[in-house]
Amino acid sequence: MDPAYISALAALAGATIGGLTSFATSWVTQRTQLRHAHREAERAELKTLYQDFITEASRLFVEAMNTKTDDIDDISGLVGLHAIIGRMRLISAQPVIDAAMQAEAAIIETYLGPDRTIRELMEYATHQGKTSFMVEFSAACRKDLAARATAMG
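Everything numeric in this text was worked out from a predicted model, so none of it was measured.

S.K.: Tell me about the packing of aromatic side chains, and please be specific about residues and values.
M.R.: Counted by the stated rule, this structure contains three aromatic pairs. Both rings, one in Tyr50 and one in Phe137, keep their centres 6.0 Å apart while their planes meet at 85°; by these two values the pair is edge-to-face. Of this pair, Tyr50 sits in helix α1 (residues 3-65) while Phe137 sits in helix α5 (residues 132-152), placing them 87 residues apart in sequence. On the basis of relative accessible area, Tyr50 is assigned to the buried category, the value being 3%. With centroids separated by 4.4 Å and ring planes inclined at 40°, the aromatic side chains of Phe53 and Phe137 adopt a geometry described as tilted. One end of the pair, Phe53, is in helix α1; the other, Phe137, is in helix α5, and 84 residues separate them in sequence. Relative accessible area serves as the criterion here: at 0%, Phe53 is assigned to the buried category.

Right, here's the structure in full:
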């Protein structure tokens, strides 16, 4: 074989290997960036979902404290809360779903309880720890979001 051919083939092989290495590096980098962006968007969606649940559950809890059982005509708030839990079932960890269901049950139980004044509401919340379901829900959300952040690496 002619030495010129060997030099040409070596140069062609080197250029091919260099091009493939550059392509592979770019592909891996791009894929990693896309995966990171997707996970970050997922975490942002979860944060929004959890915030929506906390806002709605808090509103419904206060409403339940001041609503007599006979006066409950509109249950759309409870339906909305249940819908948020349904969305959580699609993407959240099981401890978050369990805590959300406990919060929903506590709110329904409060609706069925006696009507309370503002003073009774404050005592009920601070001294009896009846709002601990929100603390438990928040803790489960923090753990879920932290686990997802750790998985992102």
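S.K.: Account for the nonpolar core, with residues named and values stated.
M.R.: With 29 residues, the main nonpolar core has Tyr50, Phe53, Met88, Val96, Ile107, Phe133 and Phe137 as its most contacted residues. At the level of secondary structure, the elements contributing two or more residues to this core comprise α1, α2 (76-91), α3 (94-112) and α5. Not counting the four nearest positions on each side in its chain, Tyr50 is found in contact with Met88, Ser92, Val96, Phe137, Cys141, Asp144 and Leu145.

S.K.: Account for the environment of Arg43, with residues named and values stated.
M.R.: Here Arg43 is to be found in helix α1. For the pair Arg43 and Ala149, spaced 106 residues apart in the sequence, the C-alpha separation amounts to 8.0 Å.

What counts and what doesn't
Residues numbered from 1 in each chain as written. Predicted model: local features only at pLDDT ≥ 70, side-chain atom pairs only at ≥ 80, totals over all residues. Heavy atoms only, no water. Phe/Tyr/Trp six-rings, centres within 6.5 Å; stacked < 30°, edge-to-face > 60°. Helix = DSSP H or I, 4+ residues; strand = E, 2+ residues; numbered from the N terminus. Buried < 20%, exposed > 50% of the residue type's maximum accessible area, 1.4 Å probe, protein only. Core = buried A, V, L, I, M, F, W, Y, C linked by side-chain atoms within 4.5 Å. Contact = heavy atoms within 4.5 Å.

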